[in-house]
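A look at the structure
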Amino acid sequence: QKMPPSLPATINIREPRWDQSTFQGRAKHFFMVTDPRNLLLSGATLEEARRVVEDYRAGTVHPGLTEDQLWRAKYIYDSAFHPDTGEKMILVGRMSAQVPMNMTITGCMLTFYRTTPAVVFWQWVNQSFNAIVNYTNRSGDAPITPSQLGTAYVSATTGAVVTALGLKSLTKHLPAIVGRYVPFAAVAAANCINIPLMRQRELKLGIPVTDENGNRLGESTAAAQKAIFQVVVSRIGMAVPAMAIPPVIMNMLEKRAFLKRYPYLNAPLQVGLVGLCLVFATPLCCALFPQKSSMPVSSLEPEVQDQIQKKDPRLETVYFNKGL
């Protein structure tokens, strides 16, 4: 039996498989990255994928390795290991955990929105989860201190709970459908607080900027601001379908005899509807901006521009990992 031809060592697996300059290419990439099935992979499978990827990057091609197997290993590796630090990410913080975790939490926030203790509890659960995700998917390789983590977590949770309770009291005398949108408003507000706070170190010290080939040129706070803004927009966009469509459907269903007869189906139905929305909204909103984002050298801080000018006077664009 003939052995398959050896794979060339020239495939660039540092970049995604599909063209990231198009929305369609980014969407295909993020459907792979956010695939919840990656959570079920064993530690041995993850380590094997890491070995294949790191060996290939070092110029060692495993015998019999096909291109499809190489890309599969790359996406398994990317789903579990941080792109800047290379460390294994916390399970619930990985992008592949977004759909199952968010569908459960969001479904419960939309179901149990009528009482104050329920609002407080589910907003706290949601912000605890968000804090883990934002820390796990931060940009750059600089560590964040426990005190910074604690401040960010408390501020974001307080912001979300205060927003939710404030809006809940304002909607008491409004139609029931309006009350159903309180969780979304609280989540949107909390994202604007949580993400910048969890990534405050990047805003103070900057994130690594590189040339097209990945050569590190310095750290930029202007790049950090752009990265965090893009992530906030993506996260709020991700929440829109999951928190806007199910309330309309549930409001209609609750007026029918079916849900009045089987009220215990309320929560499972809500969670299922949210999950259906998130399966598509999560990768599509992650794809709004390229993971490897870019900006003109002229938009960076003057001192970073000077640094880059000394290294490469002709360079016009720098690149950075925006985080997720």
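Residues numbered from 1 in each chain as written. Predicted model: local features only at pLDDT ≥ 70, side-chain atom pairs only at ≥ 80, totals over all residues. Heavy atoms only, no water.

In the annotation of an unreviewed UniProt entry, the chain is listed under the name Sidoreflexin and assigned to Eulacestoma nigropectus. According to the UniProt record, the Catalytic activity (unreviewed entry) comment for the chain reads "L-serine(in) = L-serine(out)". The UniProt entry for the chain carries this comment under Subcellular location (unreviewed entry): "Mitochondrion membrane". (UniProt positions renumbered as here; feature names shortened; annotations may be inferred.)

This part covers the UniProt feature "transmembrane region" (unreviewed entry) in the chain. Per the UniProt record, "transmembrane region" (unreviewed entry) is found at residues 227-249 and 269-289. End-to-end, the C-alpha atoms of residues 227-249 are 35 Å apart, and along that stretch the chain is 100% helix and 0% strand. Helix makes up 86% of residues 269-289 and strand 0%, with an end-to-end C-alpha separation of 32 Å. (Helix = DSSP H or I, 4+ residues; strand = E, 2+ residues; numbered from the N terminus.)

This brings us to the side chain of Arg94. Here Arg94 lies in the loop between helix 3 (67-80) and helix 4 (98-111). Nearest to the buried, unbridged Arg94 among oppositely charged side chains is Glu47, at 8.6 Å. Among the polar contacts made by the side chain of Arg94, one reaches the main-chain carbonyl oxygen of Met89 at a distance of 3.1 Å. If sequence neighbours within four positions are ignored, Arg94 has contacts with Leu46, Ser79, Ala80, Lys88, Met89 and Thr136. (Buried < 20%, exposed > 50% of the residue type's maximum accessible area, 1.4 Å probe, protein only. Lys, Arg positive; Asp, Glu negative; His and termini not counted. Salt bridge = Lys/Arg side-chain N within 4 Å of Asp/Glu carboxyl O. Polar contact = N/O pair within 3.5 Å; in protein donor to acceptor, adjacent residues only side chain to side chain. Contact = heavy atoms within 4.5 Å.)

Turning our attention to helix 12 (residues 266-286). Here helix 12 is 21 residues long and its end C-alpha atoms lie 29 Å apart, about the 30 Å a rise of 1.5 Å per residue gives. Where helix 12 bends most, the angle comes to about 35°, and this point is Leu278. (Expected span 1.5 Å × (residues − 1). Bend = angle between axes of the 7 residues up to and from the residue.)

With that out of the way, let us pick up the packing of aromatic side chains. Under the definition given, this model contains 5 aromatic pairs. Residues Phe121 and Trp124 carry aromatic rings whose centres are separated by 5.9 Å and whose planes lie at 45° to one another, so their mutual orientation is tilted. Of this pair, Phe121 and Trp124 both sit in helix 5 (residues 116-136), 3 residues apart, roughly one helical turn. Classification of Phe121 as partly exposed rests on a relative accessible area of 41%. When its relative accessible area of 41% is taken as the criterion, Trp124 is described as partly exposed. An aromatic cluster is defined as three or more aromatic residues linked by ring pairs; in this entry it consists of Phe121, Trp122 and Trp124. Over the ring of Tyr75 we find Lys74; its NZ or CZ atom is 5.7 Å from the centre of that ring. Over the ring of Tyr319 we find Lys292; its NZ or CZ atom is 5.0 Å from the centre of that ring. (Phe/Tyr/Trp six-rings, centres within 6.5 Å; stacked < 30°, edge-to-face > 60°. Lys NZ or Arg CZ within 6 Å of the ring centre and 35° of its normal.)

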